[in-house]
Amino acid sequence: MDNAETEEQANNVPEHTSDTEMPNASTADETTEQKSDHKPVDNGPTEHVKKAPEPIVSAPGSWQIPPGALAASNNTSTPVNPVSYHPPSKAAEKIEKVEQRIRDDQYDLDAWTILINEIQNNGDIDAIRDVYERVLKVFPTSARHWLGYLELELKHANFTEVENIFTRCLKTVLSVDLWKFYLNYIRRINNTEDGKLESDTRTVIEKAYDYVLVNVGIDKDSGAIWSDYIFFLKNAETSNTWEEQRKMDSMRRVYQRAVAIPLNNVEHLWKEYDQWENGLNRLTAKNFLREKSSAYMTARTALHEMKAFADTINRSVVAKPTEWTESEIQQLDAWKQYIAWETGNPLQLEDTSQVSERVVYAYQQALIYQRFYPEIWYEFSNYYIETEKPDRAMAVLTSGMEVLPSSLLLHFAYVQLCETQKKVPEARKALDNLLEHLEQKIEVIEKAASEEIEELDRAAAEERSGMDLGDDIDGELRERLRTKEKQVEKEKNKIKEDKNSKVGVLARSCSQVWIIYMQFMRRSEGIKNARSIFSKARKFAHVTYHVFVASALMEYYNSKEPIVAGKIFELGLKSFGDDADFVEQYLDFLIQLNDDNNTRALFERALAVMPNEKAGSIWRKFATYESKYGDMTGIERVEKRWRDAFPGESKLSIFVERNSYLNIEAIKDLELGGDAREGKAAPPIQVPTTTIQDQNPVVSDKRGGGKDRKGNRSLLDAFHPERYPRPDFNLWQAHTPSADAVAAPPVSVAAQANKPPAAANASAPLSNQPPPAGALSQMELDPPVNQSRWKQGGAQGSLPEAVAYFLSQLPPPEAFEGPIISASSFMDIMLTTVIPPPPRVTIDDRPIRQSPPPPTGPSGSFRGGGGMGRGGGRGRRPRDEFDDNNPPHMRGMGPNRPPEYDLFRARQAKRRRDDQY
């Protein structure tokens with residue numbers, strides 16, 4: 001390979017750098033001019049880029065770009081005035097959709113990639129810079145986005161911007177590709193027109209190589225940089241023996257460093273080193289090779305072991321907040337195993353500083369991809385503490401708290417380290433910031449939940465306003481509205497439950513911070529300052545009972561103040577009296593004080609106000625307390641109350657628990673099966689319930705209510721009130737028949753004439769006889785249009801005319817859109833419900849006619865009424881009075897209407913008129 005070809009490769013984009021050797025610069029000027037000419041065309045005449053800067057004579061003192069490069073670059077860069085470009089409407093719509101995705105999830109990497117591509121197509125360099133800045137604010141350790149940003153500025157020959165970007169990313173992102181780009185940039189700005197490098201310029205580039213290898217030289221992927229550096233030294237021109245000797249010493253030093261590192265091309269480098277040493281002097285080569293052969297063998301073995309980790313670790317991802325998926329957990333474990341492998345000194349290095357360097361580099365690599373895992377930050381800082389470097393440990397924790405401002409692990413570790421270093425103000429500031437961030441997260445959750453609920457209400461209101469809701473709403477529309485309201489209410493409850501769950505987790509986190517804060521202040525500044533922290537904590541909006549328990553026990557154990565501790569418990573009881581966990585802590589405290597009276601009083605106070613579903617543990621603790629420290633009378637009394645409150649608790653389980661102590665459960669283990677019966681209980685036997693229709697006669701009481709001899713429910717008694725809601729009967733209005741209604745022409749039904757007179761009585765009990773056999777077979781399942789599905793009259797076995805007429809007026813089944821009624825439950829209610837007879841109506845209560853009241857007999861009943869007087873059996877008179885005082889159109893409709901001339905009714909009416917006079 002000649003110089004021109006290799007120099008062209010050296011000036012290519014660094015991520016394409018391979019393991020080929022880097023030659024000296026021969027045509028760098030031409031390459032520089034070619035790359036510099038790729039800038040937007042201005043409206044004015046085209047300006048050519050100036051020549052490359054003069055070689056830099058001073059060497060870099062640190063990782064910064066060599067002094068003088070910045071000034072020289074300023075002379076070469078030309079201000080760029082990009083042509084303004086307005087994206088078309090489709091592109092603007094696409095950008096807006098992508099922006100909305102980013103607003104919804106700022107860690108949507110695909111959306112950021114689409115946005116970068118779309119903005120780059122627009123050609124606005126300022127807009128592209130803005131997008132890159134936004135991306136790097138979200139993904140600050142993404143090497144590929146830093147490289148894209150650098151290529152953008154270098155394409156437009158903005159060397160000042162390139163160097164500023166290097167300043168921001170090189171030390172924080174230890175990516176081999178990024179450092180390769182830096183080396184290529186240094187070589188590019190130090191090339192001359194004729195391609196020859198002066199000694200001072202070569203020294204600058206050589207120091208740049210050394211600096212890059214110091215930072216990323218131990219990375220297994222940095223083998224290409226080592227090869228390029230060796231080739232750069234090999235092609236150095238010498239003019240005397242001293243320079244030649246210096247060149248050989250430099251190459252031997254680089255070779256010996258490289259072959260002792262598990263690089264991906266370490267075997268190739270060892271062969272080159274062997275050939276090079278033997279080419280100089282075979283006698284001295286054996287000594288040098290023997291001296292480094294053991295290190296090379298160890299490095300080669302370590303490389304094979306390292307490849308197992310490299311195959312598992314995915315370096316193509318960017319750091320995102322963890323969701324604890326299976327792949328994320330696997331990556332975290334892989335990085336931790338790799339770090340543990342490096343900590344074990346697989347290279348068998350005798351210098352502990354070299355071992356520490358490799359371990360630190362492994363942690364730094366892990367944080368590029370796992371920066372949102374607090375345990376990596378914590379273990380990194382803990383490693384520095386173990387190596388007696390507390391300042392670096394504090395710097396690591398500070399960086400971790402900036403990345404994870406709500407991490408309890410990192411903040412507590414930082415507070416502990418500050419306490420050991422006597423840095424109390426820094427620790428207090430860290431805890432205050434942590435509480436502030438947690439409170440902000442709670443506010444964000446509550447605000448989001450409120451917005452979702454408001455959106456549901458707004459959508460429901462808009463949908464309701466779009467409906468035609470007048471005064472007369474049909475049942476179908478009302479049912480739809482009721483269903484929609486239930487659905488909205490269900491969604492709102494789900495949002496509230498989710499909010500309460502998330503807020504509850506953060507509230508407990510805040511309480512834990514307050515507790516650590518109190519304990520830290522007590523250790524560092526005394527109990528008074530700890531009390532001031534507790535005073536702030538109990539006023540916190542989302543404080544939990546744990547803060548009160550911690551403060552009370554701190555007063556009891558550290559200050560030896562049981563009275564103060566008791567007052568704190570009583571203060572907490574006002575807010576958490578219905579919390580079983582807090583009451584148990586208070587009970588444990590009183591039991592430890594041997595305060596029997598207050599302990600029993602607290603049991604009674606708690607059980608009086610606590611809901612029964614929460615009081616199970618309190619009853620158990622009460623029974624245990626009585627069994628240990630009470631008498632048998634008290635034990636039996638408490639256990640009886642416990643069983644009354646919880647009927648599911650068996651006497652056997654209570655007895656066994658009472659006769660156990662700590663972890664000694666001899667009865668359960670030896671006689672009741674113990675662990676062998678855990679989870680092996682037989683399922684409950686389902687006993688089928690058979691409903692038998694009660695044929696017992698109904699016995700009427702004096703009030704007219706109905707109740708059979710077996711005590712079955714009457715009509716208005718609640719039946720399964722927990723399943724079927726009952727109306728408020730106090731709001732019912734009594735119905736008074738009107739005598740002024742307009743009569744309507746009755747309809748004659750011939751079948752009514754054949755019925756006996758007693759069948760027309762409305763007070764007769766409803767028949768429980770089933771429909772005649774074959775009735776259902778007479779139904780027409782698919783009748784023609786405008787024809788009923790039911791046959792009326794006619795053939796033998798058809799439905800009664802009245803039933804058939806009623807069924808013919810019903811809509812078809814497919815027209816029903818309302819709620820589905822359980823047939824079995826409905827029939828169960830109908831079969832077990834006793835219908836009482838209608839109450840008697842007297843003239844004194846409600847006058848039902850304008851004529852004088854009829855005379856009464858000795859028993860106070862109407863003559864000819866429902867008693868034993870003239871006119872027939874019981875129950876006829878109420879029907880006759882109703883018929884006489886109501887117009888014909890109110891006496892029934894359809895088949896139920898009586899004949900136009902009913903001889904029986906006419907005779908009865910004439911008899912009553914005669915009796916009145």
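Everything below is about the structure shown above.
Just so it is clear, the structure is predicted and the values come from calculations on it, not from any experiment.

K.L.:
Got a minute to help me understand the overall build of the chain in this structure?
P.N.:
A tally of regular secondary structure across the chain gives 34 helices and two strands. Within the chain, the proportion of its 917 residues that are buried is 36%. Here the contacts in the chain between residues at least 6 apart in sequence split such that 61% fall between residues at least 24 apart. Accessible surface for the chain amounts to roughly 55,200 Å². Of this, 52% is attributable to carbon and sulfur atoms.

K.L.:
I'm lost on the packing of helix α22 (residues 527-537) against helix α23 (residues 545-557) in this one. Help?
P.N.:
Axes are the key here: two packed helices are described by the angle between their axes and the distance separating the axes. Running from amino to carboxyl end, α22 crosses α23 at an angle of 160°, the nearest separation of the two axes being 11 Å. The pairing of α22 with α23 is recorded here as roughly antiparallel in orientation. Taken as a pair, α22 and α23 cross one another with a handedness that is left-handed. Counting all contacts with α22, which are made through I527, A530, R531, F534 and A537, the residues of α23 involved are V547, F548, S551, M554 and E555. Here the residues of the contact of α22 with α23 sort into seven nonpolar, one polar and two charged.

K.L.:
Is there a simple way to explain helix α10 (residues 199-216) in this structure?
P.N.:
Given 3.6 residues per helical turn, the α-helix brings residues three or four places apart onto the same face. Compared with the 26 Å implied by 1.5 Å per residue over 18 residues, the 26 Å span of α10 between its first and last C-alpha is a close match. Listed as buried for α10 are T201, R202, V204, I205, E206, A208, Y209, Y211, V212, L213, N215 and V216.

K.L.:
How do you make sense of unusual backbone geometry when you look at a structure like this?
P.N.:
The bulk of non-glycine residues show a negative phi, and the bulk of peptide bonds are trans. Positive phi is not limited to glycine here, since K422 has a value of about 60°. Examined against the element boundaries, K422 turns out to sit in the loop between α19 (408-420) and α20 (424-465). Judged by its relative accessible area of 71%, K422 falls in the exposed class. Positive phi values are uncommon outside glycine, yet L662 reaches one of about 50°. In this structure, L662 sits in the loop between α29 (651-658) and α30 (666-670). Under the relative-accessibility criterion, L662 is labelled exposed at 71%.

K.L.:
Explain helix α16 (residues 352-369) here, please?
P.N.:
When the terminal C-alpha atoms of α16 are compared, their 27 Å separation across 18 residues agrees well with the 26 Å that a helix rising 1.5 Å per residue should span. Of all 18 residues in α16, 13 are buried; the element is thus mostly enclosed.

K.L.:
Explain a negative patch on the surface to me, please; I cannot follow it from the model alone.
P.N.:
Taken together, the side chains of D432, E436, E439 and E443 define an acidic patch exposed on the protein surface. Its location among the elements puts E443 in helix α20. Residue class for E443 comes out partly exposed when judged on its relative accessible area of 46%.

K.L.:
Help me understand the packing of aromatic side chains in this model?
P.N.:
Describing an aromatic ring pair means giving the distance of the ring centres and the angle of the ring planes. In total, this model carries 40 aromatic pairs according to the counting rule given. Consider the rings of Y363 and F380, whose centres lie 4.9 Å apart with planes at 10°: the pair is stacked. Placement of Y363 in helix α16 and of F380 in helix α17 (residues 374-386) is noted, with a sequence separation of 17 residues between them. Take Y363 and F380: they sit in the same class, and that class is buried. Relative to Y557, the ring of Y556 has its centre 4.9 Å away and its plane inclined at 75°; by these criteria the two rings are edge-to-face. You can call Y557 partly exposed: its relative accessible area is 44%. These aromatic residues form a ring-pair network of at least three members: F534, Y545, F548, Y556, Y557, F569, F576, F582, Y586 and F589.

K.L.:
Sorry if this is basic, but what is going on with the side chain of K492 here?
P.N.:
Mapped onto the elements, K492 comes out in helix α21 (residues 475-525). With near-sequence residues (within four places) excluded, K492 lies in contact with I453, L456 and D457.

K.L.:
In this structure, what is going on with the pattern of salt bridges? I would like to understand it.
P.N.:
Going through the model one piece at a time under the given rule, you end up with 31 salt bridges. Of the charged contacts, one joins D108 and R101 as a salt bridge, the two residues approaching to 2.9 Å between their closest N and O atoms. A residue is classified by how much of its surface remains accessible, and D108, at 16% relative accessible area, is buried. You can call R101 partly exposed: its relative accessible area is 35%. Between D126 and R129 there is a salt bridge, and its shortest N-O distance comes to 3.6 Å. On the criterion of helical spacing, the pair formed by D126 and R129 is a turn pair, its members being three residues apart in helix α6 (residues 125-138). Classification of R129 by relative accessible area gives partly exposed; the value is 22%. Where salt bridges share partners, they join D126, R129 and E153 into one cluster.

K.L.:
Would you mind showing me how to read the packing of α10 against helix α12 (residues 241-258) here?
P.N.:
Between α10 and α12, the least distance of the axes is 13 Å, while the angle of their chain directions is 15°. Relative to α12, the element α10 is oriented roughly parallel. Both α10 and α12 take part in a crossing whose hand is left-handed. Judged by residue contacts, E206, D210 and L213 of α10 engage R246, S250, R253 and R257 from α12.

K.L.:
Help me out: how do you make sense of a nonpolar patch on the surface in this one?
P.N.:
On the surface, I821, F826, M827, M830 and L831 cluster together to form a nonpolar patch covering roughly 510 Å² of accessible area. Within the fold, F826 resides in helix α32 (residues 823-832). Taking relative accessible area as the criterion, F826 reaches 44% and is therefore assigned partly exposed.

Procedures and definitions
- Residues numbered from 1 in each chain as written.
- Predicted model: local features only at pLDDT ≥ 70, side-chain atom pairs only at ≥ 80, totals over all residues.
- Heavy atoms only, no water.
- Helix = DSSP H or I, 4+ residues; strand = E, 2+ residues; numbered from the N terminus.
- Buried < 20%, exposed > 50% of the residue type's maximum accessible area, 1.4 Å probe, protein only.
- Contact = heavy atoms within 4.5 Å.
- Areas by Shrake-Rupley, 256 points an atom, 1.4 Å probe, with all protein chains shown as cover.
- Axes fitted to C-alpha atoms, helices over the stretch in contact; angles between N-to-C directions.
- Parallel < 35°, antiparallel > 145°, perpendicular 65-115°, else oblique.
- Left-handed = near helix turned anticlockwise from the far one by under 90°.
- Nonpolar A, V, L, I, M, F, W, Y, C, P; charged D, E, K, R; others polar.
- Expected span 1.5 Å × (residues − 1).
- Patch = residues over 30% accessible without salt bridge, like charges linked within 9 Å, V, L, I, M, F, W, Y side chains within 5 Å.
- Salt bridge = Lys/Arg side-chain N within 4 Å of Asp/Glu carboxyl O.
- Lys, Arg positive; Asp, Glu negative; His and termini not counted.
- Charge placed at Lys NZ, Arg CZ, Asp CG, Glu CD.
- Phe/Tyr/Trp six-rings, centres within 6.5 Å; stacked < 30°, edge-to-face > 60°.

In short, the description is geometric, and any link to function would need to be established separately.
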